[in-house]
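# Analysis of the macromolecular model
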Amino acid sequence: MIYKRSSALFAEAQRVIPGGVNSPVRAFKAVGGDPIFVKEAKGAYLYDEDGNRLIDYINSWGPMILGHAHEPVVSAVVDKARKGTSFGMPTEIETEIAALAVEMVPNIDKIRFVNSGTEACMSAVRLARGFTGKDKIIKFAGCYHGHSDSFLIQAGSGAVTFGSPNSPGVTKGTAQDTLLARYNDIEQVEGIIESNKGEIACIIIEPVAGNMGCIPPVKGFLEGLRALCDANDILLIFDEVMTGFRLAKGGAQELLGINADIVTFGKVIGGGLPVGAFAARSEIMDYLAPLGPVYQAGTLSGNPLAMAAGLAMLTELNQNPEIFKSLEGKTEYLHNGIAKVLDEENITYTINRLGSMISVHFSEETVVDFDTAASGNNDTFKKFFHGMLDNGIYIAPSAFETWFITEALSYNDLDKTIEAVQKVAKTL
Ligand SMILES: *Cc1c(COP(=O)(O)O)cnc(C)c1O
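Cut-offs and rules
- Residues numbered from 1 in each chain as written.
- Predicted model: local features only at pLDDT ≥ 70, side-chain atom pairs only at ≥ 80, totals over all residues.
- Heavy atoms only, no water.
- Near = heavy atom within 4 Å.
- Polar contact = N/O pair within 3.5 Å; in protein donor to acceptor, adjacent residues only side chain to side chain.
- Areas by Shrake-Rupley, 256 points an atom, 1.4 Å probe, with all protein chains shown as cover.
- Nonpolar A, V, L, I, M, F, W, Y, C, P; charged D, E, K, R; others polar.
- Helix = DSSP H or I, 4+ residues; strand = E, 2+ residues; numbered from the N terminus.
- Expected span 1.5 Å × (residues − 1).
- Buried < 20%, exposed > 50% of the residue type's maximum accessible area, 1.4 Å probe, protein only.
- Contact = heavy atoms within 4.5 Å.
- Pairing = 2+ DSSP bridges.
- Axes fitted to C-alpha atoms, helices over the stretch in contact; angles between N-to-C directions.
- Core = buried A, V, L, I, M, F, W, Y, C linked by side-chain atoms within 4.5 Å.
- Salt bridge = Lys/Arg side-chain N within 4 Å of Asp/Glu carboxyl O.

Once that is clear, we can look at the site of the ligand. In the neighbourhood of the ligand, the contacting residues comprise Ser-116, Gly-117, Thr-118, Tyr-144, His-145, Gly-146, Glu-206, Asn-211, Asp-239, Val-241, Met-242 and Lys-267. The separation between an oxygen atom of the ligand and a polar side-chain atom of Thr-118 is 2.6 Å. Asp-239 is positioned with one of its side-chain polar atoms (N or O) 2.6 Å from a nitrogen atom of the ligand. Summarising the interface, the protein chains cover 83% of the accessible area of the ligand, which totals 380 Å² for the free molecule. For the shell around the ligand, the per-class residue count stands at three nonpolar, six polar and three charged.

Our next topic: the environment of Pro-72. Locating Pro-72 in the fold gives a position in helix α2 (residues 71–81). Sequence separation between Pro-72 and Met-313 is 241 residues, and the spatial gap between their C-alpha atoms is 7.8 Å.

Cis geometry is found at the peptide bond from Ala-289 to Pro-290, where omega equals 10 degrees. Positionally, Pro-290 belongs in the loop between α10 (282–285) and α11 (304–319). A positive phi angle, close to 70 degrees, is found at Phe-28, a residue other than glycine. You can see Phe-28 is positioned in the loop between α1 (4–16) and β1 (38–42).

Okay, helix α14 (residues 378–390) next. A rise of 1.5 Å per residue sets the reference length of α14, with its 13 residues, at 18 Å; its end C-alpha atoms lie 18 Å apart and thus fit the reference within 8%. Listing the buried residues of α14 in full gives Thr-380, Phe-381, Phe-384, Phe-385, Gly-387, Met-388 and Leu-389. Buried residues belonging to α14 abut β3 (53–56), β13 (393–394), β14 (403–404) and α15 (411–425). Among the residues of α14, the N-terminal cap falls to Asn-377, whose side-chain oxygen and the backbone nitrogen of Asp-379 are separated by 2.9 Å. Directly beyond the C-terminal end of α14, a positive phi value near 80 degrees is found at Gly-392.

Taken in spatial order, the three strands of this open sheet run β11-β12-β14, and their pairing is antiparallel. The open sheet has two edge strands with one neighbour each: β11 (350–354) and β14. Alignment of β11 against strand β12 (residues 357–361), held across five bridges, turns out to be antiparallel. Bridge pairing in β12 places Asn-352 opposite Ser-359. The strands touched by helix α12 (residues 322–344) are β11, β12 and β14; relative to β11, the strand with the most contacts, the crossing angle is about 175 degrees.

A few words now on the nonpolar core. Formed by 104 residues in total, the largest nonpolar core has its most connected members in Tyr-57, Phe-140, Ile-203, Ile-205, Phe-245 and Leu-317. Considering each element in turn, this core owes the most residues, ten residues, to α11. Leave out the neighbours within four places in its chain, and Ile-203 touches Ile-138, Phe-140, Val-189, Ile-193, Leu-225, Cys-229, Ile-234, Leu-235, Leu-236 and Ile-237. Within the second largest apolar cluster, 21 residues are counted, among which are Leu-127, Ile-204, Leu-235 and Ile-237.

The next thing to look at is the sheet that holds strand β10 (residues 276–280). Strand order in the open sheet formed by seven strands is β4-β10-β9-β8-β7-β5-β6, with mixed pairing between adjacent strands. Because the sheet does not close on itself, it has two edges, and the strands there are β4 (110–114) and β6 (178–181). Going from strand to strand, the sheet's axes swing by 20 degrees on average, the running direction of each strand aside. Of the pairings in the sheet, the one linking strand β5 (residues 136–140) to β6 comprises four bridges and is parallel in character. Pairing of Phe-140 across the sheet is with Ala-181, part of β6. Each of β4, β5, β7 (200–205), β8 (235–239), β9 (262–265) and β10 is contacted by helix α4 (residues 117–132), which is oriented at about 165 degrees to β9, the strand it contacts most. Contacting β5, β6 and β7, helix α7 (residues 186–195) crosses the sheet at an angle of about 155 degrees to β6.

To continue, consider the pattern of salt bridges. Overall, the coordinates contain 14 salt bridges when judged by the stated rule. In this structure, the salt-bridge partner of Arg-182 is Asp-185, at a minimum N-O distance of 2.4 Å. A residue is classified by how much of its surface remains accessible, and Arg-182, at 36% relative accessible area, is partly exposed. Looking at Asp-185, the relative accessible area reads 15%, which means it is buried. Here Asp-230 and Arg-226 are joined by a salt bridge, their closest N and O atoms 2.7 Å apart.

So this is what it looks like as structure tokens:
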């Protein structure tokens, strides 16, 4: 395929935008080459600036679970836009989407909307600290919770890909309050709590990790965290920015049957517009301003266009919960198809999958945490990525990412994808 115009646009972009992109992983640093510039998208397909059509497995990194330019979402946004795009005053639609989210997600009474997943996680941690009166937090290596200072201690996708686990600009003071644990290692968490008795405000985790490929929790791990939190007055934060409204109506909490104390959202909840949210039981949420002492605010929070997109998206997922089964079926089909082809070509791989999240690792080991995710062969991944692209399939430009299955994908698209894997596998 030819990407002449994309490359020219990238050159232009680099003159005025650092690295030519507004979020680093878009820049193809991990796989080499120039990024593809998108012109438009519809359903399961991206149309790039050179006129190529690509089957999309990123879907804006998750939000487009029903496909691009999904009609009910588009018309909700267009209708709203005609009536004014921001007021900085309360609007009825904010209550409508809040009530729907509270109905869909188990174990939450109140929700507050912000503008990104980063903001949601940053605010959730502040709330946990305010509520418990403690400073330290535990996070897991390879989990990504956005780019706020407390989390850039050894971040997931972006920073891992670029081999700079600690970002300059994050102070030592901030770093001291973030304790790092290994995903799926409950004994280690127990030890960390033991040696920081009475100091830990919260444990924040992706209940199904999606920023080091897809890594489901091993049996008993989340249950163990829940028990440790209960025994030590620690709040458990599920970062469901990726898994919320994707793995089930009620996200990972519902699918896995484990309750968190605070839950964060992003991606799907905004229907493709910039939205994040965090939610908890009333006792915790009422600790926020203006009711409580913990400050949190936003000029564009609860923006009418964003709320309209989110409400249209959640309404459809709420009315058609069979979508989640259908997505899982498609993901399983893809898994089986890819596994068969890679087996036939004698390629070393591990495929992880849960619900509509799936990742292919060119690794001999079972991938259960950051170290095993990092054990994958990156050169093989690079070849795989470019090979798939040449065959019209767009997967994430990094080995540390999940593929996001969208309901807009047909079984014919999946077959084409498996055929592409077959062709590419012969070149690996
Ligand atoms: C994407 C993501 C974030 C950050 O969300 P942004 O909207 O990019 O700020 C946080 N946590 C998880 C689990 C994510 O996947």
